[in-house]
Structures are given as structure tokens and as C-alpha cells.
Amino acid sequence: MKYDVTVIGSGPGGYVAAIRCAQLGLKTAIIEKYSVLGGTCLNVGCIPSKALLDSSEHFHNAAHTFKEHGIELENLQVNLEQMITRKSGVIKSNNDGIAYLMKKNKVDVYNGLGSFVNKNTIKITGQDGTEQQIETDKTIIATGSKPVNLPFLPVDKNRIITSTEALTLKEVPKHLIVIGGGVIGLELGSVYARLGAKVSVVEYTDAIIPTMDRALGKELQRVLKKTLGFEFFFGHKVTGAQVEGEGVKVTAESPKGQEVTFEGDYCLVSVGRKPYTEGLGLENAGVQLGERGMIAVDDHLQTNVPGIYAIGDVVRGAMLAHKAEEEGVLVAEQIVGQKPHINYNLIPGVVYTWPEVAGVGFTEEQLKAQGVAYKTGSFPFKASGRAKASMDTDGFVKVLADAKTDEILGVHMIGPRAADMIAEAVVAMEFRASAEDIARMSHAHPTYTEAMKEACLAATENRAIHI
């Protein structure tokens, strides 16, 4: 078979790229190593973790807030097996949905490991060892990433686990030790803390979610400690972990250089992810790798080999599903001669804890480092009528605007439905809105999004109405 475009990898970047290529009239194939489509995000990442986050949040609310709402329950219990079963159903529904989209858009699907024989020939090796080859004019590499494994933290997938195993535990941990205070560790830690686990976060830096605006991490730390009993150990360098019977012992070096020990029944290693390029045969096509094992690409996401592109987690930038999707569309449109663009500064980041955390644009720390004159306005959810009604008063919205032009430079929020509310900030900044532009737009009352308007009012000559 001969194709105009072949996509290797069916995660958010890959399947979106394939659909857009097909929409543009290109004969398209997609190759997926596993038996189902969707990649890490759909099968062992974004979607299943959100399913468990929602289930665990329902349980936590039933245990801690329903009585305040006038709902009386007795003998409340966790059925973890059913939670996992529901999560699996959500995954299958999405798997089926992507398979349908491939058929609808006439994208040929190949299951097996795709590897380059040369620039225009790709070999597909099935799980049963059978091989076939296809010819392609262009190729888009979208093979994603996998969890980082550290040599002194041997993952046994039983007691010392990654995010993948954390999604299928058969019991609620008594004490879950989370190594890494990033998004994955905090989200999965939240799932099991809500269900009754003690959670200890051991972090090498001095803050959680350190790449986001520092005010967000500080507030999230406070709330997780208050509502879920999280323990945080900052500045700790983990030196090892070993399984002892039905428990795990983690050793670390404290900020003062002392050896400390953490003992629990499970240890979640969530210290980041790395590009997944094994088995691709990049050398056969002459594709070069860049720093940290990423595939080197130019501003058009083309590798050093003309006609071979790479997107998503295997290239530079944030490892986010929606970033990969935008890149997939960009490459597809470039192939047919269009002139798309991506403003990487306006790709939002989200943490799906509760309260949710979201940010887009420059952080306050970045603006200070760049010497940019800015002003700030913030509004706490404790002053929001809608948040009071739902008992979700933790958090705030912070808006950063240019001191002279009033253009919004960054928006950072922690609070109820922040993951959805951040979209307003993205739209505003894409159209280069000023803080006053948003402040003068009507926001329905009572809604959480009024906090965005009030924060913009606060940034505009300190005009917030409700504080």
C-alpha cells in the first residue's frame, strides 16, 4: 500500500493528525503498537485518571459534605473494584469512539510496531511477529512518552509503581508514598487520599507543581494538607526504595543532609516522563535526536529528514495532550500548503485535583525575571456567591497585565472548575485583550467565572466590586 501520510502512534496527537490529514484529502494510515487506539492519554493517562478522580471526589463529598447539604447517609463504603470497572468502561467507550472516527474519515489502521526501513518505507510488526510493509510520502511520528525510571528506584509494578499501575490497584493503600510533587503524583495521590489513604509527597524542589505560578502551588499545598491530610517533604533527594514484605521503605536525604526513611505499603514514582522512540528505527531513516532523547524538529515540526515530522511528547515543549493535538493539526495543514500557527505561550496547563489548578501565559516569576513591568489583580473564591453556594471557597483567580498597555500577560487560577474556566483566559489572550476588556464584559451571575471578571477589575485600577 502507498500512502500520502502515515502517522505512527494513535494518542491525541496522532489520531487528530490522521483525521485532519484525511479531511484535507490525503490518503492516510495510522499505526498503533497496541490493540486499541488512544495512546497513553486515553488508556493509562488523562482519561482513566479523570474517571477515578471523579469517582473518588463523589465518595469524598458523600463522606464529608453531604451532611451539610442535608443528605444523610449510613454505612458509606468504597467499592474500589467498581470504580476500576467504571473507569475501564470509560476507556472502552473512548477506544470505540476513536475507531469509529478512523472509519468515518477513511483512515487505514494498522496494529503493530511501526519502524522505518528507510525514509519512505515503514515496517509493521504485529504482536504475533508477522510483518508487512507500506510505502509513504510523508510520516508523522507521534509515539508519545513513558514514565521516567530511575536506576535507584526499581519499579516492580506491585509495590513500587508508576501511574499505569496506580490506575488498577486492587486495594486502597494505607500509606501511599508519592515521589514527585508534579501533576501526576498529586492527581493520583488525591484519588487515594479521598478514599482513606495517608499520602506523603517527597519532592526534590522546594514546591509542588514548580513549573506553574508559585502562588498556585502554595495554595494547592495548603488545601491538600487541610482537606486530605497530605504530608509534604520538600528538598528531599530520594536515594532508594526497596520492597519489604507487603511494604515499601524509601530512603532520602533531607535538606540538612541527613538520611530519612519513609515506610508505606505502596510507592508511586512520578518524577516525569521521557520521549518514547524505542523500536522506531530512526537511524534507518536518518532522523536525528535532540536533547534529552527528544526528536529534533524545526519551527514547522519537521525533522532533519524532509517529509518526516514529529509532534507531541517526543518533541520539545510541554507534554500535554492538547499541545500534541494542535501540533497534529499544524503539520497536516502545512503538508497541503496552508499556513497554520501555534502560540505555545497560550497552551494552558491544568491540574485536576480539587480544587482544580490552571494557568496560561507568563507566570509572575517569569515576568519578574524578564524585567517586564506588570500589574496584578486577584479575586478569592471565598468572596464568590456561586462558590459559597457549592461550598467550594478555596482558591483564587490571578490576572497579570502589562503595566502600560493593560494587555493580559498571564492568568493563573485555583478553584472550582478552573480547568474549564481557563478557556476564557486563552480566548482573551489569543485576541490580545486587556484586563479592562474582560472587566467590561457581562458574566452571568452567579457563576464561578465572575471571579475572572473581578480579578480583571482588580488589575484595572483596583476596581473589584465584591472585595
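Conventions adopted
- Think of each chain on its own: its residues are numbered from 1, step by step along the sequence as written.
- In keeping with the model being predicted, local features are shown solely for residues with a pLDDT of at least 70 and side-chain atom pairs are shown and tallied solely at 80 or more, while totals for entire chains, interfaces and linings include all residues.
- The side-chain numbers reported here are obtained from all heavy atoms of the structure, hydrogens and water having been left aside.
- UniProt positions are given in the numbering used here, feature names are shortened, and annotations may be inferred rather than shown by experiment.
- Stacked, edge-to-face and tilted are the three classes for Phe, Tyr and Trp ring pairs, Trp counted by its six-membered ring, which pair at centre distances within 6.5 Å; planes under 30 degrees apart are stacked, over 60 edge-to-face, the rest tilted.
- Buried means the residue's accessible area, taken with a 1.4 Å probe over protein chains only, is under 20% of the maximum for its type, while exposed means over 50%, and partly exposed covers the values in between.
- Here, a charge over a ring is recorded when the distance from Lys NZ or Arg CZ to the ring centre is within 6 Å and its angle to the ring normal is within 35 degrees.
- Axis lines are fitted to C-alpha atoms, over the contacting stretch for helices. Their N-to-C directions set the angle, which ranges from 0 to 180 degrees.
- Under the DSSP-based scheme used, a helix requires at least four consecutive residues in state H or I and a strand at least two consecutive residues in state E, with every element numbered from the N terminus.
- A clockwise turn of the near helix away from the far one marks a right-handed crossing, whereas an anticlockwise turn of less than a right angle marks a left-handed crossing.
- Contacts are residue-level and defined by heavy atoms, with any inter-residue pair within 4.5 Å sufficient.
- Nonpolar residues are Ala, Val, Leu, Ile, Met, Phe, Trp, Tyr, Cys and Pro. Charged residues are Asp, Glu, Lys and Arg, and all others, Gly as well, are polar.
- Working definition of a nonpolar core: buried Ala, Val, Leu, Ile, Met, Phe, Trp, Tyr and Cys residues. They are joined through side-chain atoms within 4.5 Å.
- Put simply, a salt bridge is a Lys or Arg side-chain nitrogen that is within 4 Å of an Asp or Glu carboxyl oxygen.
- Here the rule is simple: two strands pair whenever DSSP picks up at least two bridges between them.
- When the strands point away from the viewer and the connection leading from the first strand across the helix to the second strand turns clockwise, the crossover is called right-handed.

- Looking up the protein chain in an unreviewed UniProt entry gives the name Dihydrolipoyl dehydrogenase, with the organism given as Rufibacter quisquiliarum.
- The record in UniProt for the protein chain states the following under Catalytic activity (unreviewed entry): "N(6)-[(R)-dihydrolipoyl]-L-lysyl-[protein] + NAD(+) = N(6)-[(R)-lipoyl]-L-lysyl-[protein] + NADH + H(+)".
- The UniProt entry for the protein chain carries this comment under Sequence similarities (unreviewed entry): "Belongs to the class-I pyridine nucleotide-disulfide oxidoreductase family."

### Thoughts on the packing of aromatic side chains
By convention here, two paired aromatic rings are described through the distance between centres and the angle between planes.
So, step 1. Under the definition given, this model contains four aromatic pairs.
So, step 2. Taken together, a centroid distance of 5.8 Å and an interplanar angle of 0° make the contact between F232 and F234 stacked. Neither residue differs from the other here; F232 and F234 are each classed as buried.
So, step 3. Taken together, the aromatic side chains of F230, F232 and F234 make up a single cluster linked through ring pairs.
So, step 4. Positioned above the aromatic ring of Y266, the side-chain terminus of R159 is 4.6 Å from the ring centre.

### Quick look at the packing of helix α3 (residues 46-64) against helix α6 (residues 183-194)
So, step 1. One way to put it is that α3 packs onto α6 with a least axis distance of 8 Å and a crossing angle of 30°. As for the relative orientation of α3 and α6, their crossing is left-handed in sense. Between α3 and α6, the contacting residues are S49, K50, L52, L53, S56, E57, F59 and H60 on the first element and E187, L188, S190, V191 and R194 on the second.
So, step 2. Here the residues of the contact of α3 with α6 are counted per class, giving five nonpolar, four polar and four charged.

### Notes on unusual backbone geometry
The phi angle of most residues is negative, glycine excepted, and most peptide bonds adopt the trans form.
So, step 1. The omega torsion of the bond from W354 to P355 falls at 5°, within 30 degrees of zero and hence cis.
So, step 2. Following the sequence through the fold, P355 ends up in the loop between β18 (349-351) and β19 (356-361).
So, step 3. Of note, the bond from H445 into P446 is cis; its omega dihedral lies within 30 degrees of zero at 0°.
So, step 4. Here P446 lies in the loop between α13 (435-439) and α14 (450-459).
So, step 5. Even without being a glycine, N75 presents a positive backbone phi close to 55°.

### Examining the nonpolar core
So, step 1. Ranked by internal contacts, the top residues of the largest apolar core, which has 49 residues, are I140 and I141.
So, step 2. With residues up to four places along the chain from it excluded, the contact list for I140 reads V5, T6, V7, I8, A17, C21, Y309, I311, V331 and I335.
So, step 3. L80, Y192, Y266 and F396 belong to the second largest nonpolar core, which has 37 residues in total.

### Notes on the pattern of salt bridges
So, step 1. With the rule as written, the count across this model stands at 25 salt bridges.
So, step 2. D213 is the salt-bridge partner of K398, the closest N and O atoms lying 2.8 Å from each other. Of this pair, K398 sits in strand β21 (residues 396-402) while D213 sits in the loop between β10 (198-203) and α7 (214-228), and the two are 185 residues apart along the sequence. Assigned by exposure class, K398 and D213 land together as buried.

### Considerations on the pairing of strand β11 (residues 231-234)
So, step 1. Burial along β11 is one-sided: the face carrying F232 and F234 is buried and the face carrying E231 and F233 is not.
So, step 2. Here four bridges tie β10 to β11, and the two strands are oriented parallel to one another. Bridging across to β11, E203 finds its partner in F234.
So, step 3. Tracing the backbone out of β10, into α7 and back to the parallel element β11 gives a crossover that is right-handed.

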